[in-house]
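Residue-level listing of the chains:
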Amino acid sequence: EGMALPQRIVSPPEKICMDWQQIERPGAGLFNLGNTCYINVILQCLTYTPPLANYLLSYEHSQSCQQQGFCMMCTMEAHVRKVLCSSASAILPRAVLRGLKFIGEEFEYGRQENAYEFLRCTLSAMHRACLSGSSDLDVSSQQTTIVHQIFGGFKKYTVTCLSCQAVVDSYKSFLDVSLDIRAASSLTTALEDCVTPKQLDQKECFRCSKCKKKAASSKKVTIHHAPRVLTLCLERADQWTGRKISKFVEYPEYLDLRPYMSDTSGEPVLFSLYAIVVHTGDTCLEGHFLCYTKASNGLWYKMDDESVENCDIHTVLGQQAYLLFYAR
């Protein structure tokens, strides 16, 4: 439906298992080597992403990897195995720290960085590693790696000419969704605002192909194809002032994505919360990151660098969340 079909499937979706295949206690904490908390929280959230952990623990990638030098998938495979199988209470994510420049050129060891940017660069580096040796793939085929099969969805952009009501649809893949929370008191109000049509300003106006005028138009963005794992960023940096938005935004343990999709009729599209990232501190440029994750035993844990402590869902839902991870 307006989207090109992939000529080749890099990673078949049948291989993805959404439920933990091994039930264990939580794994090790991660040592902080000075401003590396932003790395630790993302590594922990990815480690407790069931379909990703299942895939990495199967050795499937490393057994066929052809990549020379640094490979983010092999690095993550070794890291997840070390965290979940180690008898130590905390470990050092050495390989990830050594490969920091390969993950994202902008990251500088020892400097305070943003966890959301690190997540995006990590998923991108893992995606590139999956495509190593497949240079001739079309764009749609490239979006069938295990990374896109787990975290990837499609958004639909509907632009309507307000002069003649002509409609133009386009589609774009995503690995996460960023939400404006300035006027939102809850995740659902932020999502409602996201899918509400907005009038485009003069700079964004397009020439309508039907009435041939540069007319006022509106744009609506909906989730067209839901991912298996939905990653949401509640934008805590005010775009205008740069200040941190330090307010509580309510978010549910279970989320139905159906009301925010292109097709709002049909079965609910249910997601369950399994990890969150929290930023503490008065400004966006300083402070500390910690996370809460649900282990394979179904229990929640507060993970603050090397510290891993048991907690309950009420504690998790009462946080000033920055990143939210939901699984189908």
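Scroll up to find the structure this text is about.
Throughout what follows, the structure given in this document is the object of discussion. (Residues numbered from 1 in each chain as written. Predicted model: local features only at pLDDT ≥ 70, side-chain atom pairs only at ≥ 80, totals over all residues. Heavy atoms only, no water.)

1. Regarding the overall build of the chain
For step 1, the next point in the chain: A count of helical and extended segments in the chain gives 11 helices and 14 strands.
For step 2, the next point in the chain: Relative to the 2.2 N^0.38 estimate, which gives 20 Å for 328 residues, the radius of gyration of the chain is 21 Å and therefore close to what a compact globule would have.
For step 3, the next point in the chain: Across its three principal directions, the C-alpha atoms of the chain cover 70 × 45 × 40 Å.
For step 4, the next point in the chain: Put simply, the chain has 328 residues, and 51% of those count as buried.
For step 5, the next point in the chain: Intrachain contacts of the chain at a sequence separation of at least 6 include 68% that bridge at least 24 residues. (Helix = DSSP H or I, 4+ residues; strand = E, 2+ residues; numbered from the N terminus. Rg over C-alpha atoms; globule rule 2.2 N^0.38 Å. Buried < 20%, exposed > 50% of the residue type's maximum accessible area, 1.4 Å probe, protein only. Contact = heavy atoms within 4.5 Å.)

2. Topic: the environment of arginine 228
For step 1, the next point in the chain: With respect to the element layout, arginine 228 can be found in the loop between β7 (217-225) and β8 (229-235).
For step 2, the next point in the chain: With 71 residues separating them along the chain, arginine 228 and leucine 299 place their C-alpha atoms 21 Å apart.
For step 3, the next point in the chain: The contacts of arginine 228, once residues within four sequence positions are left out, are Pro13, Ile16, Met18, Gln149, Ile150, Phe271, Tyr326, Ala327 and Arg328.

3. Focus on the sheet that holds strand β4 (residues 167-174)
For step 1, the next point in the chain: One open sheet holds the four strands; their spatial order is β4-β3-β7-β6, and the pairing between them is antiparallel. A strand with exactly one partner marks an edge of an open sheet, and here the two such strands are β4 and β6 (198-199).
For step 2, the next point in the chain: Pairing analysis gives two bridges linking β6 to β7, with the strands arranged antiparallel. Across the sheet, glutamine 199 pairs through a bridge with serine 218, a residue of β7. (Pairing = 2+ DSSP bridges.)

4. Description of the nonpolar core
For step 1, the next point in the chain: Ranked by size, the top nonpolar core spans 60 residues in total, and within it Ile42, Met73, Phe118, Phe151, Val277 and Leu323 carry the most contacts.
For step 2, the next point in the chain: Per-element tally for this core: the top contributor is helix α7 (residues 115-130), with 10 residues.
For step 3, the next point in the chain: When neighbours within four sequence positions are excluded, valine 277 is seen to be in contact with Val41, Ile42, Cys45, Ala115, Phe289, Leu290, Cys291, Ala321, Tyr322, Leu323 and Phe325.
For step 4, the next point in the chain: Judged by nonpolar contacts, the second largest core, of 35 residues, contains Leu255, Val269, Phe271 and Ile276. (Core = buried A, V, L, I, M, F, W, Y, C linked by side-chain atoms within 4.5 Å.)

5. Focus on the pairing of strand β13 (residues 307-311)
For step 1, the next point in the chain: Bridge count for strand β12 (residues 300-304) against β13 is five bridges, and the pairing is antiparallel. Pairing of methionine 303 across the sheet is with valine 308, part of β13.
For step 2, the next point in the chain: The loop that links β12 with its antiparallel partner β13 comprises two residues; one of these, aspartate 305, has a positive phi angle of about 55°.

6. Re the environment of valine 316
For step 1, the next point in the chain: Tracing the backbone shows valine 316 in helix α11 (residues 313-317).
For step 2, the next point in the chain: With a relative accessible area of 0%, valine 316 lands in the buried category.
For step 3, the next point in the chain: For the pair valine 316 and glutamate 192, spaced 124 residues apart in sequence, the C-alpha to C-alpha distance is 23 Å.

7. Here we look at helix α2 (residues 50-57)
For step 1, the next point in the chain: In terms of residue burial, α2 counts as a mostly covered element, since eight of its eight residues are buried.
For step 2, the next point in the chain: Regarding α2, the residues found buried are Pro50, Pro51, Leu52, Ala53, Asn54, Tyr55, Leu56 and Leu57.
For step 3, the next point in the chain: Immediately downstream of α2, the backbone of tyrosine 59 shows phi near 65°, a positive value.

8. Structural notes on the pattern of salt bridges
For step 1, the next point in the chain: For the coordinates displayed, the defined rule picks out seven salt bridges.
For step 2, the next point in the chain: The salt bridge involving aspartate 169 is made with lysine 156; its shortest N-O contact spans 3.7 Å. Of this pair, aspartate 169 sits in strand β4 while lysine 156 sits in strand β3 (residues 153-161), and the two are 13 residues apart along the sequence.
For step 3, the next point in the chain: When salt bridges that share partners are traced, they join Glu108, Arg111 and Glu113 into one network. (Salt bridge = Lys/Arg side-chain N within 4 Å of Asp/Glu carboxyl O.)

9. Points about unusual backbone geometry
Only a minority of non-glycine residues have a phi that is not negative, and only a minority of peptide bonds are not trans.
For step 1, the next point in the chain: In this structure, glutamine 165 is a non-glycine residue whose phi angle is positive, near 70°.
For step 2, the next point in the chain: With a phi angle near 55°, aspartate 305 is a residue other than glycine that sits in the positive phi range.
For step 3, the next point in the chain: Following the sequence through the fold, aspartate 305 ends up in the loop between β12 and β13.

10. Focus on the packing of α2 against helix α4 (residues 72-85)
For step 1, the next point in the chain: It is the contact of α2 with α4, at a shortest axis distance of 9 Å, that shows an interaxial angle of 100°. In terms of their interaxial angle, α2 and α4 are classed as roughly perpendicular. Contact residues: Ala53, Tyr55, Leu56 and Leu57 in α2; Met73, Met76, Glu77, Val80, Arg81 and Leu84 in α4.
For step 2, the next point in the chain: Across the contact of α2 with α4, the residue classes break down as eight nonpolar, no polar and two charged. (Axes fitted to C-alpha atoms, helices over the stretch in contact; angles between N-to-C directions. Parallel < 35°, antiparallel > 145°, perpendicular 65-115°, else oblique. Nonpolar A, V, L, I, M, F, W, Y, C, P; charged D, E, K, R; others polar.)

11. Section: the pairing of strand β5 (residues 177-180)
For step 1, the next point in the chain: The alternating pattern of β5 places Val177 and Leu179 on a buried face, while none of Ser178 and Asp180, on the opposite face, is buried.
For step 2, the next point in the chain: Looking at chain direction, β5 and β8 are connected through four bridges and run parallel. Directly across from valine 177, in β8, lies its bridge partner leucine 232.

12. Regarding the packing of aromatic side chains
Each aromatic ring pair is specified by the distance between its two centres and by the angle formed by the two planes.
For step 1, the next point in the chain: According to the stated counting rule, one finds eight aromatic pairs in the structure shown.
For step 2, the next point in the chain: Within the aromatic cluster, the residues linked to one another by ring pairs are Tyr38, Phe107 and Phe118.
For step 3, the next point in the chain: Over the ring of tyrosine 59 we find arginine 81, and its NZ or CZ is 3.8 Å from the ring centre.
For step 4, the next point in the chain: One cation-aromatic arrangement involves lysine 155 over phenylalanine 174; the distance from NZ or CZ to the ring centre is 5.8 Å. (Phe/Tyr/Trp six-rings, centres within 6.5 Å; stacked < 30°, edge-to-face > 60°. Lys NZ or Arg CZ within 6 Å of the ring centre and 35° of its normal.)

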